[in-house]
Amino acid sequence: MDVWQGHCRPNAQPGFGLPEVFRELSRLLQRPVPIDQREAAAIEAFYRQNGPLPAQPFHQAIDKTADALGPNRALKTYLQYLERLVKAQANKPDPQEDSL
């Protein structure tokens, strides 16, 4: 665990960072991501605010976002939905803490 911006957060998994977030968003949008600097900046801001992200839960969040919103949405719409999912997951109690 690392303390970042006053919050305890897990270290990013090796091999899962911003390039992998780009790859997953490409899968979600069904096109290369980012297509310009504006998209790159928006994704980087999302990652800076919500990362590091564990790989498997993020893959599941991408799938859930695709199911909930469907295709042909703006990147901003997907990022907002993903942010809600990430924050909801972060607010769930940690089962390991319950056993302490």
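This text follows the structure it describes.
Residues numbered from 1 in each chain as written. Predicted model: local features only at pLDDT ≥ 70, side-chain atom pairs only at ≥ 80, totals over all residues. Heavy atoms only, no water.

Enquirer: Lay out the overall build of the protein chain with the relevant residues and their values.
Expert: Check the secondary structure of the protein chain and you find five helices and two strands. Ordered by position from the N terminus, the helices and strands of the protein chain form the series β-β-α-α-α-α-α. Taking all 100 residues of the protein chain together, 35% fall into the buried category. Pairs at least 24 residues apart make up 62% of the contacts formed inside the protein chain by residues separated by at least 6 positions. (Helix = DSSP H or I, 4+ residues; strand = E, 2+ residues; numbered from the N terminus. Buried < 20%, exposed > 50% of the residue type's maximum accessible area, 1.4 Å probe, protein only. Contact = heavy atoms within 4.5 Å.)

Enquirer: So what's going on with helix α3 (residues 55-69)? Which residues, and what values?
Expert: Taking 1.5 Å per residue, 15 residues should reach 21 Å; α3 reaches 21 Å between its end C-alpha atoms and fits that length. Listed as buried for α3 are A55, F58, H59, A61, I62, T65 and L69. Buried residues in α3, looked at end-on, bunch into an arc of 160°, giving them a common side. Buried residues along α3 sit in contact with α1 (18-29), α2 (37-50) and α4 (75-91). Taken from the residues just after α3, G70 is the one with a positive phi, measuring 75°. (Expected span 1.5 Å × (residues − 1). Arc of directions from axis to C-beta.)

Enquirer: I'd love a proper account of the environment of S26, names of residues and values included.
Expert: Secondary-structure assignment places S26 in helix α1. Setting aside residues no more than four positions away along its own chain, S26 makes contact with R31, P32 and V33. Within the local environment of S26, its side chain forms a polar contact with the backbone nitrogen of V33, the two atoms lying 2.9 Å apart. (Polar contact = N/O pair within 3.5 Å; in protein donor to acceptor, adjacent residues only side chain to side chain.)

Enquirer: How would you sum up unusual backbone geometry? Please name residues and give values.
Expert: With an omega of 0°, the peptide bond running from V33 to P34 counts as cis. Relative to the helices and strands, P34 resides in the loop between α1 and α2. The residue after G51, namely P52, is reached through a cis peptide bond having omega -5°. Take P52: it is sitting in the loop between α2 and α3. The backbone phi angle of Q30 is positive, close to 60°, even though this residue is not glycine.

Enquirer: Provide a residue-level description of the packing of α1 against α3, including the pertinent values.
Expert: The interhelical angle for the contact between α1 and α3, taken along N-to-C directions, is 20°, at an axis separation of 10 Å. One element, α1, and the other, α3, form an angle in the roughly parallel class. Every pair of crossing elements has a handedness; the one defined by α1 and α3 is right-handed. Contacts between α1 and α3 involve V21, R23, E24, L25, R27 and L28 on the former and, on the latter, F58, H59, I62, D63, T65 and A66. Of the residues in the contact of α1 with α3, the class split is six nonpolar, two polar and four charged. (Axes fitted to C-alpha atoms, helices over the stretch in contact; angles between N-to-C directions. Parallel < 35°, antiparallel > 145°, perpendicular 65-115°, else oblique. Left-handed = near helix turned anticlockwise from the far one by under 90°. Nonpolar A, V, L, I, M, F, W, Y, C, P; charged D, E, K, R; others polar.)

Enquirer: Describe α1, and please don't skip the residues or the numbers.
Expert: Here α1 is 12 residues long and its end C-alpha atoms lie 16 Å apart, about the 16 Å a rise of 1.5 Å per residue gives. Looking only at α1, the buried set comprises E20, V21, F22, E24, L25, S26, L28 and L29. Buried-residue contacts for α1 involve α2, α3 and α4. Of the residues flanking the end of α1, it is Q30, one or two places downstream, whose phi is positive at about 60°.

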